Amino acid sequence: MAIVGGGAVDPALLVELAGRGVALVGADGGADAIGDAGLTPSAIIGDLDSLRDRAAWEGRTRVLHIPEQVTTDFQKALYSTQAPVTLALGMTGKRLDHTLAALSAVLQYAPSRKLLLVDEVDVALAVVGSITFAAGLRERVSIHPLLPISFTRSTGLFYPMDGLTLAPGGLIGTSNEGTGGPVEVVPEDDTPWLLILGKERLWDLVAASQ
C-alpha cells in the first residue's frame, strides 16, 4: 500500500506503483495528486480540509472523513489501514513542518508497521532491529537516529558502526558509504532508526523490509 500526501509526489512513480498492484490511499489532498496522475485512489482518508472536490470523489471511491484535529492526515491514514509494507509519498517537500510531522509519525508507527518514506531523491526505511541489504562500492548509505541508539556492529560500510551511539543533536550516521556487496547493521536493541538510500533502491528496501 502507498499513502500519498500533499507534498512532493512523482506522478510516474504513482503510475508504476499502480501497475505493480500497490493500493494507493490519498491522505486528504494527496488524493488529488493521485487523480492528477490519471489514477483513482482506493480510499481517501483525512479531515478533508485540502481535498479539491470531495463530492466528485465520493462517487468514485471510498471517502473516510475523520474530523479530529489531534493527529495529521498521515497518522489518520496509518491508524485506519493495515498493510504488510506501507510506502509514504508526498509526506516530505514543500513544507518543512509537514516533513517533521511525517518523521514523528514514522517514529510512532515503526514498531508496528513496515514504513518507507519516499521523496524526490531518497527512500528512507524505518528499521526496528538489524537489517541486511546490498550496496555498491561508494554507494551512499545514511543511518539516521530518530532517538538515541547504540549499534553493536556493522559490515560492508566504509565507516563501521561498531560500538557507536547515534542521537539527534549528537553523532549521526549520514553519508556513510558501502564497500561493495552485502551490508549488515546490528543495533543493541529495537529502537527505531532510519536507513536512507537513493530512490533507485526503493524495491530493494521493500524486499529487505519483508
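A few points on the structure. (Residues numbered from 1 in each chain as written. Predicted model: local features only at pLDDT ≥ 70, side-chain atom pairs only at ≥ 80, totals over all residues. Heavy atoms only, no water.)

1. Points about the pattern of salt bridges
And step 1. Within this structure, the stated rule accounts for ten salt bridges.
And step 2. Between Asp 36 and Arg 52 there is a salt bridge, with the nearest N and O atoms lying 2.8 Å from each other. Of this pair, Asp 36 sits in helix H2 (residues 30-36) while Arg 52 sits in the loop between strand S3 (43-46) and helix H3 (54-58), placing them 16 residues apart in sequence. Per residue, the accessibility class of Asp 36 equals that of Arg 52, and both read exposed.
And step 3. A salt bridge links Arg 201 to Asp 204; the nearest nitrogen and oxygen atoms lie 2.9 Å apart.
And step 4. Owing to a relative accessible area of 18%, Arg 201 belongs among the buried residues under this scheme.
And step 5. Overlapping salt bridges, with partners in common, bring together Glu 139, Arg 201 and Asp 204 in one network. (Salt bridge = Lys/Arg side-chain N within 4 Å of Asp/Glu carboxyl O. Helix = DSSP H or I, 4+ residues; strand = E, 2+ residues; numbered from the N terminus. Buried < 20%, exposed > 50% of the residue type's maximum accessible area, 1.4 Å probe, protein only.)

2. Side note on unusual backbone geometry
And step 1. Even without a glycine there, the phi angle at Asp 28 is positive, about 55 degrees.
And step 2. Within the secondary structure, Asp 28 sits in the loop between strand S2 (24-27) and H2.
And step 3. A positive phi is found at Leu 48, a non-glycine position, where the angle reads about 65 degrees.
And step 4. Looking at where Leu 48 falls in the secondary structure, it is placed in the loop between S3 and H3.
And step 5. Looking at Leu 48, the relative accessible area reads 12%, which means it is buried.

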